[in-house]
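A closer look at the structure
Here is what each chain is made of, one letter per residue.
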Amino acid sequence: MGADTILTLDNVVSGYGKMTILNGTTAAIRRAAITTVIGPNGAGKSTMFKTVFGLLGARTGRITFDGADTTRCTPRQMLDRGMCYVPQGRNIFPELSVRHNLELGGVAMPDQSRLGARIEAMMARFPILREKAAAQASTLSGGQQKLLEVARGLLLDPKLMLIDEPSIGLSPLMVQEVFAILKDLRDKGVTILLIEQNAKQALEMSDYGLVLEQGQARIEDAAGNVLSDPRIAQLFLGGGLAPAQQVA
Amino acid sequence: MADFLQLLISGLATGAIYALAAIGFTLLWQTSQTINFAQGEFVMLPAFFALVAMTWLGLPFAVAVVIAIVCSMLVLGLMFKVVVVQPLIKQGVLPLVISTIALSVLLKEGVKDVYSAEAQPFPTLFPDVTLSVAGVAVSLAQVGVLVVAFGTIVALQWFLGATRIGRQMQATAQNPTVARILGVPVERMILYTFLINAVLAAMASILISPIYLAKFSNGESLGLAAFVAAIVGGFNQVRGAIVGGLLIGVVDNLAAAYVSTSYRQAVPLILLVAIILFRPQGLLGRREERAV
């Protein structure tokens with residue numbers, strides 16, 4: 001693993017109950033880059049995020065983040081170490097105001113006196129959130145809710161953001177906006193690990209691609225190479241890949 | 001008209017007490033999917049904590065009230081969560097529901113065997129004076145109940161909305177998974193909810209026992225009133241529980257006077273059926289979205 005690697009998974013196995021989803025996943029995620037995870041439904045993309053973030057325990061294997069072993073860390077410990085997680089779907093608190101939703105992103109902030117300033121910074125960056133600060137979060141449009149979730153995740157100034165299918169249910173214009181925000185974060189040094197159903201569009205703006213199939217990383221390469229890899233079409237049209245062809 | 005106003009005020013007073021119990025009911029449901037069928041007994045029991053402190057230990061009423069609240073927090077808050085809810089919630093909602101029904105029987109029979117099967121007089125916090133305001137006879141005790149119950153509700157609403165702990169509790173109720181992802185100590189917030197429910201039950205107990213006398217079987221009607229109030233108002237809304245409680249109290253009182261005393265208990269149930277038929281999410285409730 002090079003110095004430019006921020007997150008590694010080494011033979012990670014995890015799942016729900018008797019079901020095994022991640023089946024010996026091994027991957028290395030590069031720092032300050034956008035990596036898009038693609039793969040068919042049930043490949044283990046979301047499970048990988050939950051396991052990395054500590055919502056789901058890894059049965060075996062090892063996860064490191066920013067040089068430290070975080071295999072047994074809780075979500076709170078992952079936040080403290082500089083990771084944030086924006087799950088799939090709608091994740092706002094509908095009956096709290098936009099400001100209070102944002103503020104909840106700072107629960108884990110060690111220096112609570114900085115919270116006000118961080119909320120201000122986020123509102124300066126996403127003016128729509130300032131405009132709607134006092135409104136119930138449920139009154140926001142789908143895209144605005146996603147912006148709120150991203151802003152809430154950024155409140156702690158994370159090193160790495162896990163973001164699961166941010167484009168779901170958004171208008172094409174809004175998808176562009178969210179992707180532009182992710183690119184801007186990357187340029188500021190934040191590592192983005194992204195799951196996207198729209199693999200082509202996501203890979204086009206990514207630096208790296210990671211292809212998961214049946215709980216294992218099949219391809220790990222520069223996004224352009226993944227995009228042009230003939231095996232991708234085969235994977236998405238059914239008919240699996242040959243096992244473990246890693247290009248490091 | 002004067003009669004009607006008197007009935008309205010006494011209805012609001014009992015309704016405010018129902019609301020206290022109903023709020024606790026909805027809070028437990030929201031934060032921990034606990035449907036507490038022992039809620040009525042939770043309102044019955046604290047009066048007996050106070051009675052034990054007064055008659056067995058010879059303590060003054062004011063001290064007994066504090067002891068009743070503290071004991072409720074320990075037994076109906078902490079112990080209820082750790083001993084009953086925590087081990088059973090993993091098995092699903094239904095086993096927990098059945099366990100709370102068992103708990104209600106245990107509390108009821110326990111009080112009957114340990115203290116007394118007779119209704120016990122209970123001291124009132126307020127002087128039993130009746131004032132005449134513009135021809136309407138107003139009982140100071142009822143006004144006192146209204147003021148204390150509303151004060152408690154306002155304080156709770158303030159705590160939930162204006163403090164950061166309160167908002168973390170709301171976040172836990174609205175979306176526990178996301179709350180956990182943001183670092184909210186979800187387990188602690190759930191414990192706070194149980195403690196708050198216990199305090200609300202103790203307040204309701206101390207306010208209602210002077211009116212109904214403290215009796216082991218009080219929980220049956222109180223639990224039903226709280227349950228109906230919570231559903232009528234909207235099971236997932238604190239303000240729904242407030243409206244539901246007041247409505248049940250008033251309807252119950254007016255029905256006793258204008259319909260029939262023997263059918264007074266049926267009227268809230270008829271209201272319940274009507275609400276479930278025409279507005280299943282309750283008066284102020286929000287439809288719950290469920291991911292399949």
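As the structure is a prediction and not an experimental result, all values here were calculated from the model.

Turning next to the overall build of chain B. When helices and strands are tallied, chain B shows 11 helices and 2 strands. Computed over its C-alpha atoms, the radius of gyration of chain B comes to 19 Å, within 12% of the 19 Å expected for a compact globule of 292 residues. In terms of its C-alpha atoms, chain B occupies a principal-axis envelope of roughly 60 × 50 × 35 Å. Here chain B holds 292 residues, and the buried ones make up 53% of them. At a minimum sequence separation of 6, the contacts of chain B that also span at least 24 residues come to 74%. Entry remark: accessible area of chain B is about 12,900 Å², with carbon and sulfur atoms responsible for 69%. Looking at charge distribution, chain B has the averaged site of its 15 positive side-chain charges lying 15 Å from that of its 11 negative ones.

Right, let's talk about the environment of Gln168 of chain B for a bit. Here Gln168 of chain B shows up in helix H6 (residues 164-174). As for Gln168 of chain B and Met189 of chain B, which are separated by 21 residues in sequence, their C-alpha atoms are 7.1 Å apart.

Residue and element names in this part refer to chain A. The strand order across the open sheet built from 6 strands is E6-E7-E8-E3-E9-E10, with neighbouring strands paired in mixed fashion. Only two strands of the sheet have a single partner each, and these edge strands are strand E6 (83-86) and strand E10 (216-222). Taking the axes of each pair of neighbouring strands and ignoring which way they run, one obtains an average angle of 15 degrees across the sheet. Relative to strand E7 (residues 160-164), E6 runs parallel, the two sharing 4 bridges. Paired with Tyr85 across the strands is Leu162, a residue of E7. Sheet strands in contact with helix H6 (residues 142-154) are E6 and E7, and its direction is about 155 degrees off that of E7.

Once that is clear, we can look at the interface of chain B and chain A. Facing 18 residues of chain B, the contacting portion of chain A comprises 24 residues. Summing both partners gives a buried area of about 1,800 Å² for chain B against chain A, and 61% of it is carried by carbon and sulfur. Taken as a group, Arg167, Ile181 and Leu182 of chain B account for 38% of the area that chain B buries against chain A, more than any other trio of residues on that side. Inspection of the chain B/chain A interface yields 1 salt bridge. Across the salt bridge formed by Arg167 of chain B and Glu103 of chain A, the nearest N and O atoms sit 2.6 Å from each other. Here chain B is connected to chain A by 6 residue pairs in polar contact (both at pLDDT 80 or more). For the side of chain B that touches chain A, the secondary-structure elements that each account for two or more residues are H6 and helix H7 (176-181) of chain B. Considering each element in turn, the side of chain B that touches chain A owes the most residues, 6 residues, to H6 of chain B. Split by residue class, the side of chain B that touches chain A holds 7 nonpolar, 7 polar and 4 charged.

With that settled, consider the UniProt feature "transmembrane region" (unreviewed entry) in chain B. Residues and elements named next belong to chain B. Mapped onto the present numbering, the UniProt feature "transmembrane region" (unreviewed entry) falls on residues 7-29, 49-80, 92-111, 131-160, 190-213 and 266-284. Structurally, residues 7-29 comprises 100% helix and 0% strand, and the distance from its first C-alpha atom to its last is 32 Å. Segment residues 131-160 splits into 70% helix and 23% strand. End C-alpha atoms: 36 Å apart.

All names here are of chain A. By the criterion of burial, strand E9 (residues 208-213) is predominantly enclosed, with 5 of the 6 residues buried. Here 6 bridges tie E9 to E10, and the two strands are oriented antiparallel to one another. Along E10, the bridge assignment pairs Leu210 with Glu220. Counted along the chain from E9 to the antiparallel partner E10, the turn is 2 residues long, and its residue Gln214 has a positive phi close to 45 degrees.

Here Ala179 of chain B is to be found in helix H7. You can call Ala179 of chain B buried: its relative accessible area is 0%. The sequence separation of Ala179 of chain B and Val267 of chain B amounts to 88 residues, and the corresponding C-alpha distance is 40 Å. Setting aside residues no more than four positions away along its own chain, Ala179 of chain B makes contact with Phe93 of chain A together with Ala171, Thr172, Val184 and Val186 of chain B.

Turning next to helix H1 (residues 45-53) of chain A. Residues and elements named next belong to chain A. Taking burial as the measure, the 9 residues of H1 include 7 buried ones, the bulk of the element. Among all positions of H1, only Lys45, Thr47, Met48, Phe49, Thr51, Val52 and Phe53 are buried. Looking at the residues trailing H1, positive phi occurs at Gly54, about 90 degrees.

Aromatic ring pairs are reported here in terms of the distance separating the ring centres and the angle at which the planes meet. Taken as a whole and assessed by the stated rule, the structure comprises 9 aromatic pairs over all chains. Aromatic pair Phe53 of chain A and Tyr85 of chain A: ring centres 5.4 Å apart, planes at 50 degrees, arrangement tilted. Remark: Tyr85 of chain A occurs in strand E6 and Phe53 of chain A occurs in helix H1; sequence separation between them is 32 residues. With a centroid separation of 5.0 Å and 80 degrees between ring planes, the pair formed by Phe42 of chain B and Phe80 of chain B is classed as edge-to-face. A residue pair is termed long-range when its members are at least 10 positions apart, and Phe42 of chain B in helix H2 (residues 39-56) and Phe80 of chain B in helix H3 (residues 61-89) qualify at 38 residues. Each member of the pair, Phe42 of chain B together with Phe80 of chain B, is buried. Site record: aromatic cluster; members linked through ring pairs are Phe49, Phe53 and Tyr85 of chain A.

Rules used throughout
Residues numbered from 1 in each chain as written. Chains lettered and ligands numbered in written order. Predicted model: local features only at pLDDT ≥ 70, side-chain atom pairs only at ≥ 80, totals over all residues. Heavy atoms only, no water. Helix = DSSP H or I, 4+ residues; strand = E, 2+ residues; numbered from the N terminus. Rg over C-alpha atoms; globule rule 2.2 N^0.38 Å. Buried < 20%, exposed > 50% of the residue type's maximum accessible area, 1.4 Å probe, protein only. Contact = heavy atoms within 4.5 Å. Areas by Shrake-Rupley, 256 points an atom, 1.4 Å probe, with all protein chains shown as cover. Lys, Arg positive; Asp, Glu negative; His and termini not counted. Charge placed at Lys NZ, Arg CZ, Asp CG, Glu CD. Pairing = 2+ DSSP bridges. Axes fitted to C-alpha atoms, helices over the stretch in contact; angles between N-to-C directions. Buried area = accessible area lost by both parts, 1.4 Å probe. Salt bridge = Lys/Arg side-chain N within 4 Å of Asp/Glu carboxyl O. Polar contact = N/O pair within 3.5 Å; in protein donor to acceptor, adjacent residues only side chain to side chain. Nonpolar A, V, L, I, M, F, W, Y, C, P; charged D, E, K, R; others polar. UniProt positions renumbered as here; feature names shortened; annotations may be inferred. Phe/Tyr/Trp six-rings, centres within 6.5 Å; stacked < 30°, edge-to-face > 60°.

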